[in-house]
Amino acid sequence: MKKIYLLLLIGISSLLIGCSKDGEDSVVKNMKSKIKDIDSYYLNGDLKIYNDQEEYNYDVEVYYKKDGFYRVNLVNNFNSHEQIILKNNDGVYVVTPSLNKSFKFQSNWPNDSSQIYLIESLYKDIVSNNERNFQSSDKEYVFDIDANYPNNSNLVKQTIVLDKEYNVKNVKVFNGDNVVQMSMTFNETILNKEIEDSIFDLNSIITNMNDQDNVDSSVSSIDDIIYPLYIPTGTVLTSEEKVSKGEGERIILTFDGEKPFILVEETVEKTDEFLIIPTYGDPYLMVDTVATLSNNSISWISDGIEYYLVSDVMSQIELVEIASSITKIDYNK
C-alpha cells in the first residue's frame, strides 16, 4: 500500500511539474508571436528610481514604431524637469526643453541593455533568459530573471509581471541584496497604434517646444559645491578652483590617488536658438536626469548645473557609482 501511495505521489508531482513547464513554454511561445505582431505601440506609466533613502518619480510616455523609431518622454514629478530620448534615422537624441538644447549620439541605444520602460526590451529579456523562474495565477504571469545593465553592476535581477494577454503590467529591478532599485508601472498600453511620423521628427519637437512655456532651469551662480558622497579608496580631493565664465561660474575639483578623476560643475543657460550638441557615448538614466556615458566620462545636467566627470583609469561602472552619489534634489527649495 505504501509503495502504491508513493508511486501516486511521484506521478502527481511529475504531472504538476510537467504542466508548470508546459505552461511556461506556452507563455514564452505566445510572447514570441506577440513580439512579431507589434508594429507600433504607445504606453504611459510611472517610473520610480531609488537612491539610498530617496525616491525619484517620473511620468513616462513611450512611442515606438517598427524599424527602430523611439520617443521616450520623461517628466520628473518633483521639479517638472522634462527630457526626451529620441531615436530616428538621424541618430539618438536627448532633448532638454528647459535649456533649448539637445545632445546627439551615434549610439546603439536601446539594444545593448535592459530598458525598464520599453515593452520589446522586456520581452527580449524574458525570451532570451533560460534560467528564468516562472509563476502563474488566475490573473497574471510572473517572471524572475537576470537583468542586463552592463554599466551598472548593482542591478542584477528583475521581476516582470504580465497579464493574461501578455501585456506588461509591472517591472521591478533589484540589487544583489534583493532591494528594489527601480520600478515601472504600466498604466496604459496600446499596441499597433497609428503613430504619426512627426512624433519622431526632431524639428517637429522643436516647433512644439517653441509653442509651449517650458520651465527655464538656468542658473547664474553655484551657491553650494556638491561633493561626491562616494570616493574610491586611496583617492582624495587635492585642488578646488572656481572660474568665472561670462554669465556664470565653473568649479573644477581634482581628485588624486589610486583612482584619480576630475569633476567639473558649471552653470548652464537656456539658449535663444535651439542647440544640437554632438557627443560620444550613450544615454544613461540616472536618478533625476538622463546622462551621457562614454568609456572614460559621464556628464549630466541637474537643477541648472552641468556636471562632467572624467577619469583615464576608472571603468564606466566606477564613474556611474561616483556620479550617482553626487546627484541630489533639494527638497527644501
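Note: the structure precedes this text.
Scope of this entry: the structure provided in the associated data block. What you see is a predicted model, and the numbers here were worked out from it, not measured in a lab.

## Side note on the overall build of the chain
Then step 1. Across its full length, the chain carries four helices and 19 strands.
Then step 2. Counting only residues that meet the buried cut, the chain has 46% of its 333 residues in that class.
Then step 3. Counted over contacts in the chain with a minimum sequence separation of 6, partners at least 24 positions apart contribute 54%.

## Some points on the sheet that holds strand β14 (residues 261-267)
Then step 1. In spatial order, the strands read β12-β13-β14-β19-β18-β17-β16; together these seven strands make up an open sheet with antiparallel pairing. A single partner strand is all that each edge strand has here, and the edge strands are β12 (235-245) and β16 (282-285). The sheet shows a mean angle of 20° between the axes of neighbouring strands, taken without regard to direction.
Then step 2. Taken together, the six bridges between strand β13 (residues 248-257) and β14 define a ladder with antiparallel strand orientation. Bridge pairing links Arg 250 to Glu 266 in β14.

## A look at the pairing of strand β10 (residues 168-174)
Then step 1. Extensive coverage of β10 is indicated by the burial of five of its seven residues.
Then step 2. Summarising the sheet, strand β9 (residues 157-163) and β10 pair through six bridges and their orientation is antiparallel. The residue of β10 that forms the bridge with Lys 157 is Phe 174.
Then step 3. The antiparallel hairpin formed by β9 and β10 contains four residues in its connecting segment, where Tyr 166 sits at a positive phi of about 70°.

## Quick look at the pattern of salt bridges
One side chain can pair with another of opposite charge once the charged atoms of both are near each other.
Then step 1. Inspection of every chain in the model, using the stated rule, returns seven salt bridges.
Then step 2. Note that Lys 48 and Glu 55 form a salt bridge whose closest N and O atoms lie 3.9 Å from each other.
Then step 3. Judged by its relative accessible area of 31%, Lys 48 is partly exposed.
Then step 4. Residue Lys 259 is joined to Glu 318 by a salt bridge in which the shortest nitrogen-to-oxygen separation is 3.1 Å.

## Some details on the sheet that holds strand β11 (residues 180-191)
Then step 1. Strand order in this open sheet of 12 strands is β7-β8-β9-β10-β11-β1-β2-β3-β4-β5-β6-β15, and the pairing throughout is mixed. If you trace the sheet from one side to the other, it starts and ends with β7 (133-136) and β15 (275-278), each paired once. With strand direction ignored, the average angle separating the axes of adjacent strands in the sheet is 15°.
Then step 2. Both strand β6 (residues 101-105) and β15 contribute to a ladder of four bridges, which runs parallel. By the bridge assignment for β15, Lys 101 is matched with Leu 275.
Then step 3. The strands that helix α2 (residues 119-128) touches are β1 (40-51), β2 (54-65), β3 (69-76), β8 (140-146), β9, β10 and β11; relative to β9, the one it contacts most, it runs at about 110°.
Then step 4. Packed on one face of the sheet, helix α3 (residues 202-210) meets β3, β4 (82-88), β5 (91-96) and β15 and runs near 160° to β4.

## Topic: α2
Note: α-helices contain 3.6 residues per turn, so residues at a spacing of three or four share the same orientation.
Then step 1. A large share of α2 lies buried, amounting to seven of its 10 residues.
Then step 2. All of the buried residues in α2 are Ile 119, Glu 120, Ser 121, Leu 122, Tyr 123, Asp 125 and Ile 126.

## Here we look at the pairing of β8
Then step 1. Bridge count between β7 and β8: four bridges; the pairing is antiparallel. Paired with Asn 133 across the two strands is Asp 144, which belongs to β8.
Then step 2. Turn length for the β7-β8 hairpin, with the two strands adjacent in sequence and antiparallel, is three residues.
Then step 3. Across seven bridges, β8 lies against β9 in antiparallel orientation. When the sheet's bridge partners are listed, Ile 145 is paired in β9 with Gln 158.

Definitions and limits used
Residues numbered from 1 in each chain as written. Predicted model: local features only at pLDDT ≥ 70, side-chain atom pairs only at ≥ 80, totals over all residues. Heavy atoms only, no water. Helix = DSSP H or I, 4+ residues; strand = E, 2+ residues; numbered from the N terminus. Buried < 20%, exposed > 50% of the residue type's maximum accessible area, 1.4 Å probe, protein only. Contact = heavy atoms within 4.5 Å. Pairing = 2+ DSSP bridges. Axes fitted to C-alpha atoms, helices over the stretch in contact; angles between N-to-C directions. Salt bridge = Lys/Arg side-chain N within 4 Å of Asp/Glu carboxyl O.

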